[in-house]
Amino acid sequence: MKKVTSSLLALGTAAALSLGVVATTQADDETIQAAFVYVGPVSDHGWSYAHDQARLAMEAELGDMVETTYLESVSEGADAVRALERLARAGNDIIFATSFGYMESVGEVAERFPDVKFEHATGYQSGENFANYNGHFYEGRYVLGKIAGLETESNTIGYIASYAIPEVISGINSFMLGAQSVNPDVEVKIIWVNTWYDPPREAEAANALMDQGADILVQHTDSTAQLQAAQERGLRGFGNDSDMGAFAPDAQLTSIVNNWAPYYVDRVRAVADGTWETGSAMGSMESGMVQMAPFANMAPETQAVAEETMAGIIAGEIHPFTGPIYNQDGELVVAEGEQAPLDMILGMNFYIQGIDDAYPN
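What you see is a predicted model, and the numbers here were worked out from it, not measured in a lab.

Undergrad: It is not clear to me how the domain arrangement of the protein chain should be interpreted in this structure. Could you clarify?
TA: It is common to give the size of an interface as the accessible area that goes away when the parts come together. By the assigned domains, the protein chain splits into domain 1 (2–135) and domain 2 (137–257 + 290–346). Listed per partner, the contact involves 14 residues of domain 1 and 14 residues of domain 2. Of the roughly 1200 Å² buried between domain 1 and domain 2, counting both surfaces, carbon and sulfur atoms make up 65%. Counting across the domain 1 and domain 2 interface gives zero salt bridges. Residue assignment for the side of domain 1 that touches domain 2 shows that the elements contributing at least two residues are α2 (47–62) and β7 (130–135). Broken down by class, the residue content of the side of domain 1 that touches domain 2 amounts to six nonpolar, six polar and two charged.

See the structure below:
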């Protein structure tokens, strides 16, 4: 099997792709070529940064077994198709596409390259050579909700949301359930920015929410801008996808940290030994894919609750979506004592009761 290494380290724009800038060199037949496609820059210190840190950790662990390349800031849609095709033609054995919006593009390209393994993060489609993987990140958002509910003084939380996809909706609902469990008076204000990574827009949304009385900010976007905006105004918030504390040491309460490295190591090893199979993989707090940054800037009592909640989730004693849960219309969607099925969580398309924001169309 021919192996090719692509020198594509900074060719994430449509312009770069259209130029066809690819340098290739022959690699050892035993070396697995793995490529990654990122929706944002690796310097976002959020989602794409976390995936790239995992790529580097995989390289460090597997050594000569693997050689990797990546494309950053690849837009969803036609640009993603071109990027995936370029990486497949370059001789990569496995390609990781790391944004929900790449799903249709991965399915399209995977059909044309049956000898290449494709992996898609946070989606739900799969095929013979097309697998998907995700994490129970709503577990971390439940912990964030408890912290916010206990730490807020205004009882108003500001939530900066990216796109109205099930992962983001379930995160909002899980956060709200956590906050309600310790503070029934809490209110969540949501601003949809319709982007994964746009620091000025994220900062603008953060300031708008603080102007409306929010004293704690939550984000489902990728930059550090909202956390830095909170620090500038003497308020607090949560990072996202990685530990952002270095950018706002007086503001960050904690952050959900996405640890993709073990999954990437396992999947490349599976390609190497011929055991790779398609399917759907889910990581969790218990498995170590969902982690939390160090707790800071909070009362010791709050930290104790957060730690107890994490321990309960890991032990299987706490599930964020445990009934009774009602939707905004007051309809019972999860009965008392029951847990929401995973299909409901992964396809969530409703707000729970207590969120008075209009559901986005």
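Once you've had a look at it, read on.
Undergrad: Can you help me understand the sheet that holds strand β4 (residues 66–71) in this one?
TA: Each strand in a sheet pairs with its neighbour through backbone hydrogen bonds, running either in the same direction (parallel) or in the opposite one (antiparallel). With respect to topology, six strands assemble into an open sheet ordered β4-β3-β5-β6-β7-β13, the strand pairing being parallel. Each of the sheet's edge strands pairs with one partner strand only, and the pair in question is β4 and β13 (280–283). With strand direction ignored, the average angle separating the axes of adjacent strands in the sheet is 20°. The pairing of strand β3 (residues 32–37) with β4 spans six bridges and is parallel. Along β4, the bridge assignment pairs Ile32 with Val66.

Undergrad: Looking at this structure, how should I read the environment of Phe113?
TA: As for its placement among the helices and strands, Phe113 is situated in the loop between α4 (103–112) and β6 (117–121). Overall, the relative accessible area of 14% leaves Phe113 in the buried class.

Undergrad: Would you mind going over the packing of aromatic side chains with me for this structure?
TA: In this description, an aromatic ring pair is defined by two values, namely the gap between the centres and the angle between the planes. Within this structure, the stated rule accounts for 18 aromatic pairs. With a centroid separation of 5.0 Å and 80° between ring planes, the pair formed by Phe36 and Tyr264 is classed as edge-to-face. In this pair, Phe36 sits in strand β3 while Tyr264 sits in helix α9 (residues 261–273), placing the two residues 228 residues apart along the sequence. Tyr264 shares its class with Phe36; the two are buried. Judged by centre distance (6.5 Å) and plane angle (50°), the rings of Phe100 and Tyr124 are tilted.

Undergrad: What's the story with α9 in this structure? I'm lost.
TA: The α-helix advances 3.6 residues per turn, and as a result positions three or four apart in sequence lie on the same side. Its 13 residues place the ends of α9 18 Å apart at the C-alpha level, agreeing with the 18 Å of an ideal helix rising 1.5 Å per residue. Of the residues making up α9, those classed as buried are Ala261, Tyr263, Tyr264, Val265, Arg267, Val268, Ala270 and Val271. Two residues or fewer past α9, Gly274 is found with a positive phi of approximately 75°.

Undergrad: Sorry if this is basic, but what is going on with the pairing of strand β12 (residues 252–258) here?
TA: Regular strands place their side chains on alternate faces of the sheet. Of all seven residues making up β12, seven are buried, and the element is well covered by its neighbours. Pairing geometry for β12 and strand β14 (residues 290–292), over three bridges, is antiparallel. Bridging from a neighbouring strand, Asn258 pairs with Val290 of β14.

Undergrad: Is there a simple way to explain the sheet that holds strand β10 (residues 216–219) in this structure?
TA: Pairing is mixed across the open sheet formed by six strands, whose spatial order is β9-β8-β10-β11-β12-β14. Each having just a single partner strand, β9 (187–192) and β14 make up the two edges of the open sheet. Adjacent strand axes in the sheet meet at a mean angle of 20°, parallel and antiparallel pairs treated alike. Direction of pairing for strand β8 (residues 156–161) relative to β10: parallel, over a ladder of four bridges. Bridge pairing links Tyr159 to Val218 in β10. Along the sheet, helix α8 (residues 225–232) makes contact with β8, β10, β11 (236–241) and β12, crossing β11 at roughly 165°.

Undergrad: Mind showing me how you'd approach the packing of helix α5 (residues 137–151) against helix α10 (residues 300–314) here?
TA: Between two packed helices, what matters for the description is the angle formed by their axes and the separation of those axes. The contact between α5 and α10 brings their axes to 10 Å, and the two run at 160°. Between α5 and α10, the crossing angle belongs to the class labelled roughly antiparallel. At the point where α5 passes α10, the crossing takes the right-handed sense. Seen from α5, the contacting residues are Glu139, Tyr142, Val143, Lys146, Ile147, Leu150 and Glu151; seen from α10, they are Thr302, Val305, Ala306, Thr309, Met310 and Ile313. Here the residues of the contact of α5 with α10 are counted per class, giving eight nonpolar, two polar and three charged.

What counts and what doesn't
- Residues numbered from 1 in each chain as written.
- Predicted model: local features only at pLDDT ≥ 70, side-chain atom pairs only at ≥ 80, totals over all residues.
- Heavy atoms only, no water.
- Domains from an automatic or database assignment.
- Contact = heavy atoms within 4.5 Å.
- Buried area = accessible area lost by both parts, 1.4 Å probe.
- Salt bridge = Lys/Arg side-chain N within 4 Å of Asp/Glu carboxyl O.
- Helix = DSSP H or I, 4+ residues; strand = E, 2+ residues; numbered from the N terminus.
- Nonpolar A, V, L, I, M, F, W, Y, C, P; charged D, E, K, R; others polar.
- Pairing = 2+ DSSP bridges.
- Axes fitted to C-alpha atoms, helices over the stretch in contact; angles between N-to-C directions.
- Buried < 20%, exposed > 50% of the residue type's maximum accessible area, 1.4 Å probe, protein only.
- Phe/Tyr/Trp six-rings, centres within 6.5 Å; stacked < 30°, edge-to-face > 60°.
- Expected span 1.5 Å × (residues − 1).
- Parallel < 35°, antiparallel > 145°, perpendicular 65-115°, else oblique.
- Left-handed = near helix turned anticlockwise from the far one by under 90°.

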